[in-house]
Amino acid sequence: MEEDHKVINQGLEDEMEISGYQMCRWKLFLVGLGAVCTGGFLLLPLYWMPHWLLWATCSRATIGDADMVLLRTTDEFKRWFRARVRWMLAPGKKPFNKLDSQTPVTNGHSKHDPTGMQPSQHLVEIRYFTLHSTTYFWNDMIQNFEVLKGLEDLNVTCSAVHSEHSAGLTKHMQDYRKLFFGVNEIDVKVPSVFKLLIKEVLNPFYIFQFFSVILWGVEEYYYYAAAIVFMSLVSIATSLYTIKKQYIMLHDMVASHSVVRVSVVRANNDDDLQSSLEFMEHHLGRYVSTEIEEMMSTDLVPGDVMIIPNNGAVMPCDAVLVSGTCIVNESMLTGESVPVTKTNLPNPGQGLMGLEVDAIYSTEEHKRHTLFCGTLVIQTRFYSGELVKAVVVRTGFSTAKGQLVRSILYPKPTDFKLYHDAYLFLLCMVGVAAIGFFYTIVLNILNKVPAKTIITESLDVITITVPPALPAAMTAGIVYAQRRLKHIGIFCISPQRINICGQLNLVCFDKTGTLTEDGLDLWGIQRAESGSFCLSEVNVCQETLVTSPFVVCMASCHSLTNINGQLSGDPLDLKMFEATGWLLQEATEEETSLHNQITPTVVRPPRQVLPEPATPPVHEMELNELSLSYEIGILRQFPFSSALQRMSVVARRLGEKRMDAYLKGAPEVVASLCRRETVPGNFSQVLENYTKQGFRVIALAHRHLESRLTWHKMQNISRDLVENNMEFLGLIIMQNKLKAETPMVLEQLRHANIRAVMVTGDNILTAVSVARDCGMIPPQDRVIIAEALPPVDGRPARIEWHYMDEPGLHDSDAAPFEVVQISMGEEDPDPDEDLRPLEHYHFAMSGKSFTVVTEHFQDLVYKLLLRGTVFARMTPDQKTQLVELLQSVDYYVGMCGDGANDCGALKRAHSGISLSELEASVASPFTSKIPNISCVPNLIREGRAALITSFCVFKFMALYSMIQYISVTMLYSMLSNLGDFQFLFIDVAIILLIVFTMPAIPPASLPYPSTTRM
């Protein structure tokens, strides 16, 4: 049979090689016969090694004809999995094919039909297999299996989402798609205690203990056998309790949104639905007959159109908004409890001028229009009687929440050198035991010992050399450490990682909310007029400034909203708005439903801070009151984008026809979008002065839009057409204070030779300033900023270096390393050398430079990592990539973050510590109740204590085994042996007593230098 190898999930984290097999009857018969002859023990290695099972019972086949598939991961762990190929009957081969309404839909998922019965002429056979809660379907075009994720598989454009997918599905089409996408449920099945027990006791160590207990029972060593059985039962019970509890916690976390009632828009192709509310929608020049239908969320499929209820709900799937707006709390996914405004997906297909490019829809690129599974919709708004609707994009485990749960259910194994070396040492001990085994057999045969005694004594040598109590003894330190961590408010969902914490020699810290306080205080403002900066000001609420473009921009350019009468939103937006003293008023549900156009959110200053007008005549009083109503209506919002580093709004003053655009964002970005003559000449110097002092700086800009821009055009105009040719207004200076514990903790880590690195999304100069303030960069050390520039106009990529205290770039003709006098090697210089003071330097770089370096200067990447201390303007993906690169240079990396945008790095690090107790912390092995970094040294101390304990216990038990092994073999030569109580006294009173009391000692109060050379 022809052999073929394929790769599935190519280029992704779970990439695997796949090969096909077919059941072989004669091989299956031989394996069954061997299992009977060995009392079932032959099945154990086949259970432990899935690839052995297929090799022993199957023959190779092409993947297209396979009954079973064998998969192996392509990462460093090379794990094996097997899965059975099944088939089902369906009216089409693709879930998005159009069907005839008369075509029957079957729900017949079945195994391969052994009778050879042919399917109906209307149905086709679909082959698939399931692995790790993911279903892979056979694709004839690529001759391989693939995953169907959802609507994104179509590469559908934004306009197509509106034109082709916003009218809902017929009941017939929904049933058809459900065959492929299955039930919309993140089903975390809690295994029964029996299943967990069977899986636990089939562990090789427990099988060895079982073998040992049988042997001791034959030898009538009942007391020691009973002690081992008791110890094993306690260990199994503890393990089952921990695993069961974790499953229950995970199940409860997703159960709240797994099954709820939802309303969907159903395309009407049936005449028998009398109870539904029918209405007509005008959609791109055609009328579509639809109806509202209630159903369970488990029946949702990609392409369904959900109606988001007025009072909000927990999202049961990933869906893209096509009408209305929503205010969403995404803390379940991002750890950020700040409400986020989600707007409807732009529709570039309406033929208006200045439209956005009709891009391919992507949940990542269009996340500001996407409602993610598990997030809480707090509030909705709809206009002109139109409902808030969203098109279902992904369901079940394909959703963002489902992928997070999958990563927890099926984690990568922990790559820890201690365990690897322990297994190698045990293998050596097995070799020593084999020598003793054959020595005992030969010795007893020469001494004409009975056969029964020969068998028991030779097998007894193996149980002495490889102690059955070793696994329980090795985990004793972890159990004690986990208990002590719980007492100080640190909770662990992956106990095996406690040992790894003892090896940490580098910790990455997020800045805002981790090293510094969450809140920002307004320190002052510095306005710009006629291309030059004014003097800095502290008070924004001045009569002379209240109607200035600067204050209007502060009051209108934000994403704040009223939730139950409380102003909510981003803390930075909240501080800015509160500093103006303005009021925010949103349209009520009744008002929005009565207007054909959107009733805007309105901001206005308090009446008392407006300039006092002259007293008008009585007949002009009403007209004057209208003129006094200085109100700004926010007509459209371009939400903040971390990629663009800015946000903007389109607003209009009451009574005026012309609209204005207001922009805020990173100063460098805002300045690049403004007219050159409006940006002060000393902009860079002023900005650098503030950022060096650790302030967070936001820039504002303003622009009068063309008078011909109508409301309808404005709703579809591209933000790129709005956010250019702006007028620079000035800077807002925000102060972000260090947490009181930060400098002390970083000093402890430095004393313990543990390197600290800052990974933040903030400005690079602000980040360096905070790093100096907290002691991450000592005062006497110098900072070198590495600015990597991508290839432009045929010029190759290059790196420019300059000192933080000397902002001017060096001459490009000079060799940068010679000018700065740095060494990129790892070796410490000789203490007597004069150049030693110049070795105390740190690299700092931005996310853009980081990307250029990793793409174009791969030979410098690892050298920069060895001296890099500040990584600023980093996106979540870049944070994860940095952690991976640090691990590749043999660092044991810890990551400490507050949960916002840190989830990927927290998962990828050897030890992730979340300071957020929100549900995003389920992605992190450790969660601290104390919201500061004092948990880091505590965790490292306990990790080192557990690691040292495990190492000492291993050495102690190995030494005891070798001593007892030599003693017993010497006694065998004299035809003697230890008695039952002698074994019991040695193994229980001496060995186990020491093993289980040694870890009870708490760690030292300060972490000592790293144990990496232990």
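Refer to the structure above for everything that follows.
Residues numbered from 1 in each chain as written. Predicted model: local features only at pLDDT ≥ 70, side-chain atom pairs only at ≥ 80, totals over all residues. Heavy atoms only, no water.

Colleague: Even after reading the chapter, I still don't get the packing of helix H8 (residues 222-255) against helix H10 (residues 400-409), so can you show me in this structure?
Modeller: For any two helices packed against each other, the geometry is given by the interaxial angle and the distance between the axes. Closest axis-to-axis distance for the H8/H10 pair is 12 Å, and the angle between their directions is 180 degrees. Judged by the inter-axis angle, H8 sits roughly antiparallel to H10. Contacts between H8 and H10 involve Tyr-247, Leu-250, Met-253 and Val-254 from the former and Lys-401, Val-405, Ile-408 and Leu-409 from the latter. The class makeup of the residues in the contact of H8 with H10 is seven nonpolar, no polar and one charged. (Axes fitted to C-alpha atoms, helices over the stretch in contact; angles between N-to-C directions. Helix = DSSP H or I, 4+ residues; strand = E, 2+ residues; numbered from the N terminus. Parallel < 35°, antiparallel > 145°, perpendicular 65-115°, else oblique. Contact = heavy atoms within 4.5 Å. Nonpolar A, V, L, I, M, F, W, Y, C, P; charged D, E, K, R; others polar.)

Colleague: Would you mind going over empty space enclosed by the protein with me for this structure?
Modeller: The full count for this structure, using the stated rule, is five cavities of 30 Å³ or more. Contributing to the lining of the largest cavity are Trp-216, Tyr-221, Tyr-224, Asp-460, Thr-463, Ile-464, Pro-467, Pro-468, Tyr-960, Gln-964, Phe-983 and Asp-987. Residue assignment for the lining of the largest cavity shows that the elements contributing at least two residues are helix H12 (451-465), helix H30 (935-973) and helix H31 (980-997). In terms of residues, the lining of the largest cavity owes the most to one element, H12, which gives three residues. Residues belonging to the lining of the largest cavity are distributed by class as follows: eight nonpolar, two polar and two charged. (1 Å grid on protein atoms, 1.4 Å probe; cavity = no way out; pocket = protein on both sides within 12 Å on 5 of 7 lines; lining within 4 Å. Points joined across faces, edges and corners; volume = space filled by probe spheres on them.)

Colleague: Sorry if this is basic, but what is going on with the packing of aromatic side chains here?
Modeller: We describe a pair of aromatic rings using the distance from one ring centre to the other and the angle between the two ring planes. According to the stated counting rule, one finds 19 aromatic pairs in the structure shown. A ring pair is formed by Tyr-690 and Phe-695, whose centres lie 6.2 Å apart and whose planes are at 75 degrees; its orientation type is edge-to-face. Grouping aromatic residues by their ring pairs yields a cluster made of Tyr-128, Phe-137, Tyr-176 and Phe-180. One cation-aromatic arrangement involves Arg-60 over Tyr-21; the distance from NZ or CZ to the ring centre is 5.2 Å. For the cation-ring pair, Arg-867 lies above Tyr-841, with the distance from its terminal atom to the ring centre recorded as 4.8 Å. (Phe/Tyr/Trp six-rings, centres within 6.5 Å; stacked < 30°, edge-to-face > 60°. Lys NZ or Arg CZ within 6 Å of the ring centre and 35° of its normal.)

Colleague: I keep staring at unusual backbone geometry and nothing clicks. Help me out?
Modeller: Glycine aside, negative phi is the norm for most residues, and most peptide bonds take the trans geometry. With a phi close to 55 degrees, His-132 is a non-glycine residue in the positive phi region. Relative to the elements of secondary structure, His-132 occurs in the loop between strand E8 (124-131) and strand E9 (134-139). For Gln-143, which is not glycine, the phi dihedral falls at a positive 55 degrees. Looking at the element boundaries, Gln-143 is found in the loop between E9 and strand E10 (144-147). Relative accessible area serves as the criterion here: at 41%, Gln-143 is assigned to the partly exposed category. (Buried < 20%, exposed > 50% of the residue type's maximum accessible area, 1.4 Å probe, protein only.)

Colleague: Looking at this model, I keep getting lost on the sheet that holds strand E40 (residues 893-897). Mind explaining?
Modeller: Two pairing modes exist for strands in a sheet, parallel and antiparallel, and in both the strands are linked by backbone hydrogen bonds. One open sheet accounts for ten strands, arranged E22-E42-E41-E40-E23-E35-E39-E38-E36-E37; its pairing is mixed. Every other strand in the sheet has two partners, leaving strand E22 (490-492) and strand E37 (798-803) as the edge strands with one partner each. Across the sheet, the axes of successive neighbouring strands diverge by a mean angle of 20 degrees, strand direction being ignored. Bridge count between E40 and strand E41 (residues 911-914): four bridges; the pairing is parallel. (Pairing = 2+ DSSP bridges.)

Colleague: I would appreciate a short explanation of the pattern of salt bridges in the present structure.
Modeller: Two side chains of opposite charge can pair, provided their charged atoms sit close to one another. In this structure the tally under the stated criterion is 27 salt bridges. Ionic pairing is found between Glu-800 and Arg-798, a salt bridge with its closest N-O pair at 3.2 Å. Given the relative accessible area of 19%, Glu-800 is considered buried. Residue classification places Arg-798 among the partly exposed positions, given a relative accessible area of 30%. (Salt bridge = Lys/Arg side-chain N within 4 Å of Asp/Glu carboxyl O.)

Colleague: Please clarify how the environment of Ala-699 should be interpreted in this entry.
Modeller: As for its placement among the helices and strands, Ala-699 is situated in strand E33 (residues 695-704). Judged by its relative accessible area of 0%, Ala-699 is buried. Between the alpha carbons of Ala-699 and Arg-646 there is a distance of 9.5 Å; along the sequence they are 53 residues apart. When neighbours within four sequence positions are excluded, Ala-699 is seen to be in contact with Leu-663, Lys-664, Gly-665, Pro-667, Val-670, Phe-728, Gly-730 and Leu-731.

Colleague: Sorry if this is basic, but what is going on with the nonpolar core here?
Modeller: Within soluble globular proteins, side chains that are nonpolar tend to cluster in buried spots. Judged by nonpolar contacts, the single largest core of 45 residues is most densely connected at Phe-509, Met-776, Ile-933 and Val-936. Contacts of Val-936, omitting those with residues within four sequence positions, involve Val-507, Phe-509, Leu-749, Cys-896 and Ile-913. (Core = buried A, V, L, I, M, F, W, Y, C linked by side-chain atoms within 4.5 Å.)

Colleague: I would appreciate a short explanation of the packing of helix H15 (residues 549-556) against helix H16 (residues 571-580) in the present structure.
Modeller: Contact geometry for H15 and H16: axes closest at 8 Å, N-to-C directions at 135 degrees. Relative to H16, H15 is oriented oblique. Judged by the twist between their axes, the crossing of H15 over H16 is left-handed. Across the interface between the two elements, Val-551, Met-554 and Ala-555 from H15 touch Met-576, Phe-577, Ala-579 and Thr-580 from H16. A breakdown of the residues in the contact of H15 with H16 according to their chemical character gives six nonpolar, one polar and no charged. (Left-handed = near helix turned anticlockwise from the far one by under 90°.)

Colleague: Whenever I open this one, a nonpolar patch on the surface confuses me. Can you help?
Modeller: Among the surface-exposed residues, Tyr-47, Trp-48, Met-49, Trp-52 and Trp-55 lie close enough to one another that they form a single nonpolar patch of about 510 Å² accessible area. When residues of the nonpolar patch are traced back to their parent elements, those giving at least two are helix H2 (43-48) and helix H3 (50-57). Along the chain, the position of Trp-55 falls in helix H3. You can call Trp-55 partly exposed: its relative accessible area is 44%. (Patch = residues over 30% accessible without salt bridge, like charges linked within 9 Å, V, L, I, M, F, W, Y side chains within 5 Å. Areas by Shrake-Rupley, 256 points an atom, 1.4 Å probe, with all protein chains shown as cover.)

Colleague: Sorry, what's going on with the environment of Ala-451 here?
Modeller: Summarising the element assignment, Ala-451 is placed in helix H12. With ten residues separating them along the chain, Ala-451 and Ile-441 place their C-alpha atoms 9.5 Å apart.

Colleague: Got a minute to help me understand the pairing of strand E17 (residues 325-329) in this structure?
Modeller: Here is the key point about a regular strand: its side chains alternate between the two faces of the sheet. Across the five residues that make up E17, a large majority, five, are buried. Here E17 shows two buried faces, one formed by Thr-325, Ile-327 and Asn-329 and the other by Cys-326 and Val-328. As paired elements, E17 and strand E18 (residues 340-342) share three bridges and run antiparallel to each other. Across the sheet, the residue bridging to Val-328 is Val-340, located in E18.

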